[in-house]
Amino acid sequence: MLRRATLLLAGIVIATGDTVPGRAADPQPYTVMIMPTGIAGIDGAAQETSTLQSLNKTGPVGPFALVERARSDQTRLDTVLNSFGYYAGSVAITIEGRPLDDPTLVDRLDAVPPGTSVPVVVTMTPGPLFRIGTVQVSGDVPPDARGELNLATGQPAVASDVLAAHDRLLNYLQSTGHALATVSTPVATLETGSRSLNIAMTVDAGPRVDLGEITITGLKDVNVGFIRRTLPLNPGEQYDPAKLQAAREDLAAQGVFSSVAITTPDHLAENGTLPVMITVVEGPKRVVSADAAYSTDLGIAAGASWTHRNLFGNAEQLTLRANATEVGGGTDAKQPGYIASATLLFPAWLRRDQTLTLNTTALKQYLKAYNQTALIAGVTVARTLTPNLKVSVGLTGEEEKITQEEVGRNYTLLQVPLTATFDNTGSIFDPTHGVRANVTLTPTESFRNPQTTFLIAQATASTYFNLGEPGRSVLAVRGLIGSIQGASTLEIPADQRFYAGGTGTVRGYRYQSVGPRFPDGVFEGGTSIDAGSVEFRQRFGESFGGVVFVDAAQVGSNGKPFSGTPRVGTGFGVRYYTSIGPIRADLAFPVNPQKKADPLEFYVGIGQAF
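In what follows, the accompanying structure is described. Worth saying up front: this structure is predicted, and the values here are computed from it rather than measured.

### Notes on the sheet that holds strand 10 (residues 211-217)
Working step 1: The 3 strands lie next to each other as 10-12-11, forming an open sheet whose pairing is mixed. The two strands at the open ends of the sheet, each matched to only one other strand, are strand 10 and strand 11 (257-263). Each adjacent strand pair in this sheet contributes to an overall mean axis angle of 15 degrees, direction not counted.
Working step 2: Pairing analysis gives 5 bridges linking strand 10 to strand 12 (residues 274-282), with the strands arranged parallel. Residue pairing for strand 12: Ile214 is matched across the bridge by Val276.

### Thoughts on empty space enclosed by the protein
Working step 1: The final tally for this structure, using the stated rule, is 2 cavities of 30 Å³ or more.
Working step 2: The computed volume of the largest cavity comes to approximately 50 Å³.
Working step 3: Considering the residues around the largest cavity, the lining is formed by Asp430, Pro431, Thr432, Gly471, Arg472, Val474, Arg537, Arg539, Tyr577 and Gln608.
Working step 4: Class assignment of the residues belonging to the lining of the largest cavity gives a composition of 3 nonpolar, 3 polar and 4 charged.
Working step 5: In this structure, the second largest cavity occupies an estimated 30 Å³ of space.
Working step 6: Looking at the second largest cavity, the residues that line it are Val222, Val256, Glu282, Gly283, Pro284, Lys285, Arg309 and Asn310.
Working step 7: Tallied by class, the residues present in the lining of the second largest cavity amount to 3 nonpolar, 2 polar and 3 charged.

### So, helix 5 (residues 159-175)
Since the α-helix packs 3.6 residues into each turn, any two residues three or four apart lie on the same face.
Working step 1: Under the 1.5 Å per step criterion, the end-to-end length of helix 5 is 24 Å for 17 residues, consistent within 8% with the ideal 24 Å.
Working step 2: Here helix 5 has its buried residues at Ala159, Val162, Ala165, His166, Leu169, Leu170, Tyr172, Leu173 and Gln174.
Working step 3: The secondary structure elements touched by the buried residues of helix 5 are helix 3 (63-83), strand 6 (131-140), strand 7 (182-183), strand 9 (196-204) and helix 7 (241-252).
Working step 4: A positive backbone phi angle near 100 degrees is found at Gly177, which sits one or two residues after helix 5.

Calculation rules
- Residues numbered from 1 in each chain as written.
- Predicted model: local features only at pLDDT ≥ 70, side-chain atom pairs only at ≥ 80, totals over all residues.
- Heavy atoms only, no water.
- Pairing = 2+ DSSP bridges.
- Helix = DSSP H or I, 4+ residues; strand = E, 2+ residues; numbered from the N terminus.
- Axes fitted to C-alpha atoms, helices over the stretch in contact; angles between N-to-C directions.
- 1 Å grid on protein atoms, 1.4 Å probe; cavity = no way out; pocket = protein on both sides within 12 Å on 5 of 7 lines; lining within 4 Å.
- Points joined across faces, edges and corners; volume = space filled by probe spheres on them.
- Nonpolar A, V, L, I, M, F, W, Y, C, P; charged D, E, K, R; others polar.
- Expected span 1.5 Å × (residues − 1).
- Buried < 20%, exposed > 50% of the residue type's maximum accessible area, 1.4 Å probe, protein only.
- Contact = heavy atoms within 4.5 Å.

Take a look at the structure:
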């Protein structure tokens, strides 16, 4: 026997209310039991779909409306069975042990004493699993497109698989230049005798088309020439929706637009090309931001910045920043310091995927390891090789005075930092998946005290694993390794050496306290470092979370990583999730503390620790 119908393959339609808008004067309390079928997908979808379940506490109804709600659920849950390929299944619902078609059911519910809860039991019987029968694709179908369906005879007739096949075929046609392609909604023929579902779709691929005229509207202060120079789209190239999306993201990333939309019409121009319309809305040109952090070792750090995001009309960004550091009596900060900086960034410098950054920084800090007063100026050219991979080369000059062990030395440094960065996590403050890695090589020439040449090499990486629902239970792992070659520890300026301790390496230990020390206990720093962290993050509800972590690090003085005394810290923390990122508070304890170490360290900041 054949039963032909256009099946509801677009998904499960979940209504938001009951069939009967009104409700009785006395709501009827009830409990719901949806009996498990043993099929995880069906059981989960049933729980999410049932209005008996979702409206039990928030939508009280009277006896008549309760029966109507249950009848509505029968339809919904039957659709759930169908969507998983069970077209001969059944759904039975009883209220106080009676079926919904019992003519006396409403009267019996009216007789229930006020406030008495009645049981509602839902039983789903899947029946036999139906499978895909024939798959017919007719119309204008390019030969290479049929393989994109990936829909085979004999596989379970799951609605989402059929929908995915439809979407794959349409996406393939569009990605190969068929901008106006259409694929009809799948039509299914149910064959109950063979327990199969025959699928039919009609395709109109249309011609392969090229992009035509590109128009840009909405510009006020941004130069149109800059947009056209940086836009990764050109008239005459083949239409590809992925390239249009990449172009939209690229324009949005320039930082000068509050919104970017790229659209195409549903018809071709007279010359057979497809016009492209880009509509932008410019955001505020000037932005002010503030940040703050606290830790028991460094005290309070607070700062503010002012940014002009379109200085000369080509999305140039000038940022002025001032930070007060080591405020409030941290255990490793002898008195407050400051950092003041100015940064000027030129996007699309010489080529669209390249930026030029000019930076100057003045700082003064009074740490237990050393005091430093410095003026730093540098230039960096960065190039984006792929959406996730960037490389850069810079030239940095530094004039500084370092005081360590009551001996002051002046240094003049010239550095050439070479950096490669990979990041596919998609989040600065709260990564939950992917990998973030950075490798830096910094050849350095010190022109006095003494004159020497050395190379600083450092690599860091972190990765994130979802252990359940994405973003809810995350295992984060971080590693760091570094070495300085070409000079001994004391020939290297103190601020260029490696230190460990604090939130960036091993929590539970004072900032810079892990590693070699002078005889009086002052932190000396070293020429090698290795560190690692493991942190488990669990969210609770919408806004709160907790973490537990273990950190370890060691710093050596012979330039070889994995030398020195390992130090381990452990602890826990809480997170409050906001729209800009989590607010972090961590309490950490040293496992094998050094002499005169603090029993614990406390850290507060914005964003995850790594």
